[in-house]
Amino acid sequence: PEKVSIKELAEKMKMQPSVIIKKLFMAGQVSTVNTELTYEEAENIAIEYDIICEKEVPVDVIEELLKEDEDAAETLKKRPPVVCVMGHVDHGKTSLLDAIRKTSVTDREAGGITQRIGAYTVSVNDQKITFLDTPGHEAFTAMRMRGANSTDIAVLVVAADDGVMPQTVEAINHAKAAEVEIIVAVNKIDKPNANIDKVKQEMTEYGLISTDWGGTTEFVPVSAKSGEGIEDLLETIILTADILELKANPDRMARGLVLEARLDKGRGPVANVLVQKGTLHVGDFISAGASSGKVRAMVDDKGNKLKEARPSQPVEILGLSDVPNAGEVFLGHETDKEAKQYANTYLQQHKKDLIEETKAKMSLDDLYSK
Ligand code: GTP
Ligand code: MG
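Residues numbered from 1 in each chain as written. Chains lettered and ligands numbered in written order. Predicted model: local features only at pLDDT ≥ 70, side-chain atom pairs only at ≥ 80, totals over all residues. Heavy atoms only, no water.

By the naming in an unreviewed UniProt entry, the protein chain goes by Translation initiation factor IF-2 and is assigned to Butyrivibrio proteoclasticus.

(A) Representation of the overall build of the protein chain within the structure. What the protein chain contains, in helices and strands, is 11 helices and 19 strands. Taken across its 370 residues, the protein chain has 48% of its residues classed as buried. Considering only contacts within the protein chain whose residues lie at least 6 apart along the sequence, 71% involve residues at least 24 apart. Surface accessibility of the protein chain: about 19,100 Å² in total, with carbon and sulfur atoms responsible for 51%. (Helix = DSSP H or I, 4+ residues; strand = E, 2+ residues; numbered from the N terminus. Buried < 20%, exposed > 50% of the residue type's maximum accessible area, 1.4 Å probe, protein only. Contact = heavy atoms within 4.5 Å. Areas by Shrake-Rupley, 256 points an atom, 1.4 Å probe, with all protein chains shown as cover.)

(B) View of the sheet that holds strand β6 (residues 127-133). Spatially, 6 strands are ordered β5-β6-β4-β7-β8-β9 in an open sheet, and the strand pairing comes out mixed. Bordering the open sheet on either side are β5 (118-124) and β9 (218-221), each of which pairs with just one other strand. Adjacent strand axes in the sheet meet at a mean angle of 25 degrees, parallel and antiparallel pairs treated alike. Relative to strand β8 (residues 181-187), strand β7 (residues 153-159) is paired through 7 bridges, and the arrangement is parallel. Note on β8: the bridge partner recorded for Val158 is Val186. (Pairing = 2+ DSSP bridges. Axes fitted to C-alpha atoms, helices over the stretch in contact; angles between N-to-C directions.)

(C) Structural context of the pairing of strand β14 (residues 285-288). Taken together, the 4 bridges between β14 and strand β15 (residues 291-299) define a ladder with antiparallel strand orientation. In the sheet register, Ser287 faces β15, and the bridge partner there is Ser292. Here β14 runs beside strand β19 (residues 329-333); their pairing, made up of 4 bridges, is antiparallel. Each bridged residue has a counterpart across the sheet, and for Ala288 the counterpart in β19 is Phe330.

(D) The arrangement of the coordination of the magnesium ion (ligand 2) in detail. Bound to the magnesium ion (ligand 2) on the protein side are Thr94 (OG1) and Thr114 (OG1), at distances that span 1.9 to 2.0 Å. Of this pair, Thr94 sits in helix α5 (residues 93-101) while Thr114 is found in the loop between α6 (105-108) and β5, placing the two residues 20 residues apart along the sequence. In this structure, Thr94 and Thr114 share a single accessibility class: buried. (Donors = N, O, S within 2.8 Å, 3.2 Å for Na, K, Ca; no water.)

(E) Highlighting the nonpolar core. One finds Leu96, Ile129, Phe131, Val155, Leu233 and Ile237 to be the most contacted residues of the largest nonpolar core, which totals 26 residues. Among the elements of the structure, β4 (82-87), α5, β5, β6, β7, β8 and α10 (230-244) are those that each provide at least two residues to this core. Residues contacting Phe131, with those up to four places away along its chain left out, are Val83, Val85, Leu97, Ile100, Gly118, Ala119, Tyr120, Val122, Leu234 and Ile237. Counting residues in each nonpolar core, the second largest holds 21 residues, with Met86, Ala154, Ile172 and Val184 among its members. (Core = buried A, V, L, I, M, F, W, Y, C linked by side-chain atoms within 4.5 Å.)

(F) Focus on unusual backbone geometry. Although it is not a glycine, Lys102 adopts a positive phi angle of roughly 55 degrees. Tracing the sequence through the fold places Lys102 in the loop between α5 and α6. You will see that Ser312, though not glycine, has its phi angle at about 75 degrees, which is positive. Relative to the assigned elements, Ser312 resides in the loop between β17 (308-309) and β18 (314-320).

(G) A look at the packing of helix α1 (residues 6-13) against helix α2 (residues 17-26). Direction vectors running N to C along α1 and α2 enclose 120 degrees, while the axes themselves pass 8 Å from each other. Accordingly, the angle class assigned to the pair α1 and α2 is oblique. Like other packed secondary-structure pairs, α1 and α2 cross with a definite hand, here right-handed. Side by side, α1 and α2 meet where Ile6, Leu9 and Ala10 of the first sit next to Pro17, Ile20, Ile21 and Leu24 of the second. (Parallel < 35°, antiparallel > 145°, perpendicular 65-115°, else oblique. Left-handed = near helix turned anticlockwise from the far one by under 90°.)

(H) α10, seen in detail. Compared with the 21 Å implied by 1.5 Å per residue over 15 residues, the 21 Å span of α10 between its first and last C-alpha is a close match. One or two steps after α10, the chain reaches Glu245, where phi turns positive at roughly 45 degrees. (Expected span 1.5 Å × (residues − 1).)

(I) Seen up close, the pairing of β5. With 6 of 7 residues buried, β5 is to be regarded as a mostly interior element. Sheet topology places β5 next to β6; 7 bridges connect them, and they run antiparallel. Among the inter-strand pairings, Gly118 is bridged to a residue of β6, identified as Asp133.

(J) Region of the structure containing the environment of Leu76. Within the element layout of this structure, Leu76 appears in the loop between α4 (59-67) and β3 (77-78). Those residues in contact with Leu76 that sit more than four places away from it in its chain are Asp71, Lys247, Ala248 and Asn249.

Dropping the structure here:
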């Protein structure tokens, strides 16, 4: 549905329809409770209402409206799968991606520990796959959760010489909560003490039963070191993706997620984003959380300059006014004004959250001091 009636909008905003009707009337538009508004019109009303009345902020309305932003079936086109690589620290996630990409990111990491979400595009027989590399260290739960929530398929990496460990279990839970397909990559099979069956056995406890044991989960034995099994893993990913029939509408305003963002001394705010719907172009107006701006430049994971980024493509963008939070939704907008409105609304909502957080914290402190 591309439209919403004034009655529905009023219900969502928890206000009388007459307020909206009056507002439209003042702007020269005659309407009734049954008058249908486009989502854009509805959003504008919600935003304006939000900015005028500082108290009850109906920002949820905007979010709700955005959620219903479904594309018509005939606009959908096949898109590459987004695959999140997860697992316990040091089980070989980054090494596996290095082996797939024929790079050596692992060697460049401080202390050999991944501390950020890396996003890469790989082509296998003309089929693209987007990989998100997540950290396995226990401190990075939020990043794993973000990874699981941005993805279609989770590749769970378990070292065959170590077996199921705490962050393996955590990763399983994130993947299950996000309702994504799980493929298990049993890594380090080149090691003399590797025990694939032991991993399979341990995984049954979490409901992941190997297909050769009568279950439905694909277990692929691999070695990031020798390269064994990597072809199989890629094939399994592509087969799984084919079954999922992943699609998105590339011909609309872009929308996606901020994977990571930072302030670069020379270039200003830099954001790594994953386009999920639509196409993002250089020159597009965007918002992400409380920041907004115009895409000044886009670079892919290999450092190539891009003019546009399509669904499932991860890109680094320049041009935002501030550094948005990781995990934030980014949206393309028709105008600079609209992008700024979104950012402003978000900021107001956020301010309220911050005040509430502080209040909650204060009352806890009070409690403890008694
Ligand atoms: P975090 O991102 O910090 O959680 O670690 P990770 O899962 O990305 O592990 P990483 O790829 O950094 O590898 C950890 C160590 O295991 C490195 O010393 C790798 O060389 C080694 N390693 C990874 N895969 C294999 C493998 O298949 N065989 C052997 N023998 N060693 C491996
Ligand atoms: Mg790593």
